[in-house]
Amino acid sequence: MAQAEEFVEQDDPPGPNDVPLSTVEQAAPMELVSAGTEVTAHWRSDPEKAVALVHELTVGGELAVDEILDEAVDAAVLTGLLALQEARTAPDPSTAAERGLGAVSHITLAVALASVDLDCLGRGQAS
């Protein structure tokens, strides 16, 4: 994170040779974040597809269902919080209200993901 902040604060944008490559230790968390984000995106339009994706991602044993769902919840909450931040800095009350209402769907999604019945996931159904 510190390196990312340094890059953001630089006057000249970093070139392709300036960005450090991820290490083996960083790869697993990055894969988990990616999995959670992907599950969150699918959950909105097709929860069954999201459940199938969770199962697919856990087949190798590198990721656990709970980890993926926790990351999906985190992704939804973060998106909702970013929407609320945009509402806070909106230029007028009408835009602020619109952005605030937009955050509700993200927070609702986070609650839905957090309350998924893991036993139902095993049967390929979402609660």
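These figures come from a predicted structure and were not determined experimentally. (Residues numbered from 1 in each chain as written. Predicted model: local features only at pLDDT ≥ 70, side-chain atom pairs only at ≥ 80, totals over all residues. Heavy atoms only, no water.)

Draft legend 1. Focus on the overall build of the chain. Counting secondary structure elements, the chain contains six helices and zero strands. Expressed as a percentage of contacts within the chain between residues at least 6 apart in sequence, the contacts between residues at least 24 apart total 57%. When the accessible area of the chain is evaluated, it comes to approximately 8600 Å², of which 56% is carbon and sulfur surface. (Helix = DSSP H or I, 4+ residues; strand = E, 2+ residues; numbered from the N terminus. Contact = heavy atoms within 4.5 Å. Areas by Shrake-Rupley, 256 points an atom, 1.4 Å probe, with all protein chains shown as cover.)

Draft legend 2. Helix α4 (residues 65-88), seen in detail. For α4, built from 24 residues, the straight-helix expectation of 34 Å at 1.5 Å per residue is met to within 8% by its first-to-last C-alpha distance of 35 Å. Of the positions making up α4, those classed as buried are I68, L69, E71, A72, V73, A75, A76, G80, A83 and A87. (Expected span 1.5 Å × (residues − 1). Buried < 20%, exposed > 50% of the residue type's maximum accessible area, 1.4 Å probe, protein only.)

Draft legend 3. Structural view of the nonpolar core. Counting 18 residues, the largest nonpolar core has V39, W43, L63, I68, L109 and L113 as the members making the most contacts within it. For this core, the secondary-structure elements that each account for two or more residues are α2 (24-45), α3 (47-58), α4 and α5 (93-114). For this core, the element with the highest residue contribution is α4, accounting for five residues. For L109, the contacting residues outside a window of four places in its chain are T40, W43, R44 and A76. (Core = buried A, V, L, I, M, F, W, Y, C linked by side-chain atoms within 4.5 Å.)

Draft legend 4. Local environment of a nonpolar patch on the surface. On the surface, V77, L81, L84, I107 and V111 cluster together into a nonpolar patch covering about 390 Å² of accessible area. Secondary structure elements with two or more residues in the nonpolar patch: α4 and α5. The element best represented in the nonpolar patch is α4, accounting for three residues. Here V77 lies in helix α4. (Patch = residues over 30% accessible without salt bridge, like charges linked within 9 Å, V, L, I, M, F, W, Y side chains within 5 Å. Salt bridge = Lys/Arg side-chain N within 4 Å of Asp/Glu carboxyl O.)

Draft legend 5. Up close: the packing of α4 against α5. The interhelical angle for the contact between α4 and α5, taken along N-to-C directions, is 170°, at an axis separation of 8 Å. The angle between the axes of α4 and α5 places the two elements in the roughly antiparallel class. Along its contact with α4, which presents A72, V73, A76, V77, T79, G80, A83, L84, E86 and A87, the element α5 presents A96, R99, G100, A103, H106, I107, L109, A110, L113 and A114. Counted by class, the contact of α4 with α5 contains 14 nonpolar, four polar and two charged residues. (Axes fitted to C-alpha atoms, helices over the stretch in contact; angles between N-to-C directions. Parallel < 35°, antiparallel > 145°, perpendicular 65-115°, else oblique. Nonpolar A, V, L, I, M, F, W, Y, C, P; charged D, E, K, R; others polar.)

Draft legend 6. A look at the confidence of the model for the chain. Here the chain averages 80 in pLDDT, and 69% of its residues register 70 or above. Confidence scores differ between elements of the chain, with helix α1 (residues 2-9) showing the lowest mean pLDDT of 57 and α5 the highest of 94. (pLDDT = per-residue confidence, 0-100.)

Draft legend 7. Seen up close, a negative patch on the surface. Judged by side-chain charge, D66, E67, D70 and D74 come together as a negatively charged surface patch. Tracing the backbone shows D74 in helix α4. (Lys, Arg positive; Asp, Glu negative; His and termini not counted. Charge placed at Lys NZ, Arg CZ, Asp CG, Glu CD.)

Draft legend 8. Layout of the environment of V111. Relative to the helices and strands, V111 is located in helix α5. The exposed category is assigned to V111, whose relative accessible area is 53%. As for V111 and A76, which are separated by 35 residues in sequence, their C-alpha atoms are 8.9 Å apart.

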